[in-house]
Structures are given as structure tokens and as C-alpha cells.
Amino acid sequence: MRDILVIRFGALGDLCLLGWSLAGLAAAPGRDERRVTLVTKARFAELAGLFRGVDRVVALPEPGRLPDLVRLARDLRADAWDSVLDAHGVIRSRLLTSLLGRRPQARLRKDTTARLRLLRGGAAAPQLRRHMRDRLDAVIA
């Protein structure tokens, strides 16, 4: 059994996109061989618990300051994670992985430069055509 930790604190819409992607992976081959734990903000935990493909939800207590992250990391260190995915890539999620004492196997890239170029009238870069599910497949599948 592979234990996978996915970290996503972000906005509700982004969390729902992640949930949709994790649900798609729940139907993929090997589902019975992995257990997915999702870490998110406390206000989103109840919703995240409904996502197919998520076996456990761990909530970051509000307001999510440094002492909260330290306690959360201490609790999460009790488990031996086979893979850690930082699906947010912000200071808070980077700090949590650091407090866990390990680097994530992957971080979902936001492709900010390509997005800004598109907003300024440039051509759509190929990486903007990828869906979150495509990005997760390589890490979780």
C-alpha cells in the first residue's frame, strides 16, 4: 500500500478542481494499492471529505499560522509517506513540507509566466493546455 500525502490549502475553486482530478484517479488502475490523505484548510475539510479518491482529510486549523503548521507537521510526521505532493506551491505548503523534513516528490506548477503572457495577448503556451489531472497522473498513478 502506497501512502500519498497531497497538500492543497488554496481557494475553494482550486480545491474542487483538485478533488475532481483525485476522483478521476480513483477509477484508475492501482486504486486499491494507494491511500490518499489530503491536507487543506479547516473550512474546506468537510467538503474535501466527500471527494472520491481521498481516503482521509487532515485540516489545518484556522488561522493557519506558524504554530498551527508546526502542530500539523508533528501530527503528519507520525505517518510514513511514500509520496508527498505539494498541490499548492505557496509559502505555507512549502513550509509544511520543510517542517515534515522532506521534499515533495512533485509540486504542481502554476505556469505563471505563460499565463501572464497569454493575458497580455500572447499565444497560449502548450503547458497551459494541461489539466490538473494530467499533472497528477505522473505523481499518484
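Each remark here, short or long, concerns the structure printed above.
Residues numbered from 1 in each chain as written. Predicted model: local features only at pLDDT ≥ 70, side-chain atom pairs only at ≥ 80, totals over all residues. Heavy atoms only, no water.

Novice: What exactly am I supposed to notice about the pairing of strand β1 (residues 2-7) here?
Specialist: For β1, the tally of buried residues reaches 5 of 6 residues, placing the bulk of the element in the interior. Pairing between β1 and strand β2 (residues 34-41): 6 bridges, direction parallel. Bridging from a neighbouring strand, Arg-2 pairs with Arg-34 of β2. The parallel pair β1 and β2 is bridged by helix α1 (residues 12-26), and the resulting crossover is right-handed. Pairing of β1 with strand β4 (residues 83-86), which is carried by 4 bridges, proceeds in the parallel orientation. (Buried < 20%, exposed > 50% of the residue type's maximum accessible area, 1.4 Å probe, protein only. Helix = DSSP H or I, 4+ residues; strand = E, 2+ residues; numbered from the N terminus. Pairing = 2+ DSSP bridges. Right-handed = clockwise from strand over helix to strand, strands pointing away.)

Novice: Looking at this model, I keep getting lost on unusual backbone geometry. Mind explaining?
Specialist: Glycine aside, residues mostly have negative phi, and peptide bonds are mostly found in the trans state. With an omega of 10 degrees, the peptide bond between Glu-62 and Pro-63 qualifies as cis. The residue Pro-63 is located in the loop between β3 (56-60) and α3 (66-76) in this model.

Novice: I would appreciate a short explanation of the packing of α3 against helix α4 (residues 91-99) in the present structure.
Specialist: When two helices pack together, you describe them by how their axes are tilted relative to each other and by the distance separating the axes. Remark: α3 packs on α4, axes separated minimally by 9 Å, with the N-to-C direction vectors making an angle of 45 degrees. When the axes of α3 and α4 are compared, the pair comes out oblique. The interaxial crossing formed by α3 with α4 has right-handed handedness. On the side of α3, the interface is formed by Leu-66, Leu-69, Val-70, Leu-72, Ala-73 and Leu-76, while α4 contributes Arg-92, Leu-95, Leu-96 and Leu-99. (Axes fitted to C-alpha atoms, helices over the stretch in contact; angles between N-to-C directions. Parallel < 35°, antiparallel > 145°, perpendicular 65-115°, else oblique. Left-handed = near helix turned anticlockwise from the far one by under 90°. Contact = heavy atoms within 4.5 Å.)

Novice: What's the story with the pattern of salt bridges in this structure? I'm lost.
Specialist: Proximity of charged atoms lets side chains of opposite charge pair with each other. Counted according to the given criterion, the structure contains 6 salt bridges. As a salt-bridge pair, Arg-35 and Asp-3 come within 2.7 Å of each other at their nearest N and O atoms. Taken together, the residues Arg-35 in strand β2 and Asp-3 in strand β1 connect sequence positions 32 residues apart. Note on Arg-35: relative accessible area 38%, which makes it partly exposed. Across the salt bridge formed by Arg-43 and Glu-62, the nearest N and O atoms sit 3.4 Å from each other. Here Arg-43 is found in helix α2 (residues 42-48), whereas its partner Glu-62 is found in the loop between β3 and α3, with 19 residues between them in sequence. We classify Arg-43 as exposed; its relative accessible area is 55%. (Salt bridge = Lys/Arg side-chain N within 4 Å of Asp/Glu carboxyl O.)

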